[in-house]
Structure formats: C-alpha cells, structure tokens
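Observations on the three-dimensional arrangement
Take a look at the letters that make up each chain.
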Amino acid sequence: MAKRIAIVNQKGGVGKTTTCVNLASALRAQGKRVLVCDFDPQANATSGFGIDKTTANPSIYEVLIAGTECRKAILHTPYCDVIPVNKALAGAGIEMIGMPDREHLLRRALDSVAEDYDYILIDCPPSLELLTLNALCAADSVLVPVQCEYYALEGLSDLLGTVRIVKRSLNPGLSLQGVVLTMFDSRTNLSMQVAEEVKRHFPGLVYATVIPRNVRLSEAPSHGKPIDAYDPISRGAESYAALAEEVIEQGT
C-alpha cells in the first residue's frame, strides 16, 4: 500500500513543485513505484514531466468531478506515473462545495490505485482551501518545503494549524513527514540563519539534506524533465537523490 505524501506550503515560489517532481523521480531511481498526483491548477508538475497540460484529459479534474476512473487518468512517463491536471481544476473548489463528503473525494480516488505504488506524492496548490483540504485528507503525511529566505516561517503556523484541525476532525492518521530546506545558498549568512531558525522551530523534523540554489534545477522544467534526467551530475540531482534516501529510511 502506497505511502501518500502531500507536499504543501501555502506560500508560492518555495520549491514545492520542484521538490515533488524531483523527489518522485529520485524515488523511482531507487526502485520504488511512484505516482505523482498534480493537484495544483497551475499544472507545473504536469509540464515538469513533459506532459502537455493543455491537452491532458482525463485529468484529476475529471476523476473528481465527472467520476472518471482514477486508473484511466494515469499517464506513464520515463520518470514515474503521473495523474495530470488541466486548467479546469481551478474552478473545481466551487463545484465540489455541493458534493457529498467533499473533503474525501481525492482520498477515494487514490484508494483505488494505492496498491499499485510504494509512494504517491500530491503536489498541492499554494493556498489553504478545499483542494488543499482534500489533499490533506488523502495523505498519510505532509512534507513542507521551506525556502531559505527572510519570510521563510511566515504562514507556517497557519499551515500547521490547518494540519492539526484536519488531523483532529477528518484524518486522524495525518502526520508531519518532515521539513526540507530549499534554495539554500551556503555563501550567505541569511541561508544559514534561516536554516538554524527552521531547525529550532521543528526539532528533529528537518531533513539533513538541503536543496541548493542551482541553475540546472531551474532549467530542467523547461525541458520537461526532472533534474536526474536533465543533468544527473548536478548538485540539484545529488541533493534530491539524498533526500529520497532519507524519505525511504523513514519507512513506508
């Protein structure tokens, strides 16, 4: 049965989708069966695997709203399996409001394919609303990318408050998988200070692996490839390989 990890941070630009795409590919390289569910209407994870987000159909939207069988939406790429998304998901939150048991639509969809995978990674939108709530209800754990910038901890208390509420009322099994530091620049005092502050706020929950600022990481999505396929000897590829090992060591 798959370990389901929601990759969440309501702040945009923190490396959330970068982490989802590259961690998934790194886990696959370790021999794991991996499915990525792109649950962000921006569809960056979809295009990051070389899938055309303008023609992705059926997508997770059709699965949730039209009742399409989840397995029919899965695309097989050289890097991992992907449930793509298209722009229709942007309005799904409104359509879901009147649906019965609306918080668990994604969980029910993923339940039908969970036996086929070791890991299911859910790339969440950069907001705390019904789509993200669905992801938290569908997940076993939450992985939080935190950018090594001045406002790194801003909004994290809101996110963790939401996680606690979901755990208490909707998904008792939800836990914090860990916090990963992204866009780390060892040449700056700021990155060092942010890293120390995050470790102080989340003792024992911050991964030893930090994801560096890396030009090759930034270039890879435009080629529709994860970093280990685009430049396997880059610092970014090495970092995500190390992060995958840490995630595996945590157990499924």
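What you are looking at is a predicted structure, and each value in this text was computed from that prediction instead of being measured.

What follows covers the pairing of strand β5 (residues 119-123). Along β5, five of the five residues are buried, which leaves the element largely enclosed by surrounding structure. Side chains Y119, L121 and D123 of β5 all project onto a buried face; the interleaved residues I120 and I122 project onto the opposite face, where all are buried too. When strand β1 (residues 3-7) meets β5, the two strands line up parallel, connected through five bridges. If you follow A6 over to β5, its bridge partner there is I122. Two strands pair when backbone bridges link them, and strand β2 (residues 34-38) and β5 are joined in this way by five bridges, in the parallel orientation. Across the sheet, the residue bridging to L35 is I120, located in β5.

Residue N57 is joined to P58 through a cis peptide bond whose omega torsion reads 5 degrees. Examined against the element boundaries, P58 turns out to sit in the loop between α2 (44-48) and α3 (60-66). With a phi angle near 60 degrees, A43 is a residue other than glycine that sits in the positive phi range. Mapped onto the fold, A43 is located in the loop between β2 and α2. One non-glycine residue, D101, adopts positive backbone phi at about 50 degrees. Along the chain, D101 turns up in the loop between α5 (92-96) and α6 (105-111). Taking relative accessible area as the criterion, D101 reaches 41% and is therefore assigned partly exposed.

Further remarks concern the side chain of D38. Of note, D38 is situated in strand β2. One polar contact links the side chain of D38 to the main-chain amide nitrogen of A45, over a distance of 3.4 Å. Not counting chain neighbours up to four residues away, the residues in contact with D38 comprise A43, N44, A45, T46, I60, I83, P84, V85 and D123.

Time to look at a nonpolar patch on the surface. Taken together, the side chains of Y150, Y151 and L190 present a nonpolar region at the surface, about 360 Å² in accessible area. Mapped onto the elements of the fold, L190 is located in helix α9 (residues 189-201). By relative accessible area, L190 is classed as partly exposed at 31%.

Attention now moves to the state of the cysteines. The final tally for this structure, using the stated rule, is zero disulfides. In this model C137 remains outside any disulfide bridge; the closest cysteine sulfur is found in C124, 11 Å from its own. With a relative accessible area of 0%, C137 lands in the buried category. Sulfur of C148: no disulfide; nearest cysteine sulfur belongs to C20 and is 19 Å away.

This part covers the side chain of E62. Locating E62 in the fold gives a position in helix α3. There is no salt bridge for the buried E62, and the closest opposite charge comes from K87, which lies 12 Å off by N-O distance. At 2.6 Å, the side chain of E62 forms a polar contact with the side chain of S59.

Let us now look at the packing of aromatic side chains. Considering all chains together, one arrives at two aromatic pairs under this definition. Geometrically, the ring pair formed by Y150 and Y151 is edge-to-face, given 4.9 Å between the ring centres and 80 degrees between the ring planes.

It is worth spelling out the pairing of strand β7 (residues 175-182) at this point. Counting buried residues in β7 gives six out of eight residues, a clear majority hidden from the surface. Relative to β7, strand β6 (residues 141-147) is paired through seven bridges, and the arrangement is parallel. Of the residues in β7, the one forming a bridge with V144 is V179. Handedness of the crossover joining β6 and β7 through helix α8 (residues 156-169): right-handed.

A separate point is the sheet that holds strand β4 (residues 81-83). Read from one edge to the other, the open sheet built from seven strands follows the order β3-β4-β2-β5-β1-β6-β7, with strand pairing classed as mixed. Across the chains shown, the open sheet's two edge strands, defined by having one partner strand only, are β3 (75-76) and β7. Helix-sheet contacts for helix α1 (residues 16-29) involve β1, β2, β5, β6 and β7, and the interaxial angle to β5 is about 165 degrees.

Moving on to the pattern of salt bridges. In the structure shown here, the tally under the stated rule is twelve salt bridges. A salt bridge links R4 to D111; its shortest N-O distance comes to 2.8 Å. Of this pair, R4 sits in strand β1 while D111 sits in helix α6, and the two are 107 residues apart along the sequence. Relative accessible area serves as the criterion here: at 5%, R4 is assigned to the buried category. When its relative accessible area of 37% is taken as the criterion, D111 is described as partly exposed. Taken together, the shared-partner salt bridges in this structure form one network comprising R4, R107 and D111.

The rules behind each value
Residues numbered from 1 in each chain as written. Predicted model: local features only at pLDDT ≥ 70, side-chain atom pairs only at ≥ 80, totals over all residues. Heavy atoms only, no water. Buried < 20%, exposed > 50% of the residue type's maximum accessible area, 1.4 Å probe, protein only. Helix = DSSP H or I, 4+ residues; strand = E, 2+ residues; numbered from the N terminus. Pairing = 2+ DSSP bridges. Polar contact = N/O pair within 3.5 Å; in protein donor to acceptor, adjacent residues only side chain to side chain. Contact = heavy atoms within 4.5 Å. Patch = residues over 30% accessible without salt bridge, like charges linked within 9 Å, V, L, I, M, F, W, Y side chains within 5 Å. Areas by Shrake-Rupley, 256 points an atom, 1.4 Å probe, with all protein chains shown as cover. Salt bridge = Lys/Arg side-chain N within 4 Å of Asp/Glu carboxyl O. Disulfide = S-S within 2.5 Å. Lys, Arg positive; Asp, Glu negative; His and termini not counted. Phe/Tyr/Trp six-rings, centres within 6.5 Å; stacked < 30°, edge-to-face > 60°. Right-handed = clockwise from strand over helix to strand, strands pointing away. Axes fitted to C-alpha atoms, helices over the stretch in contact; angles between N-to-C directions.

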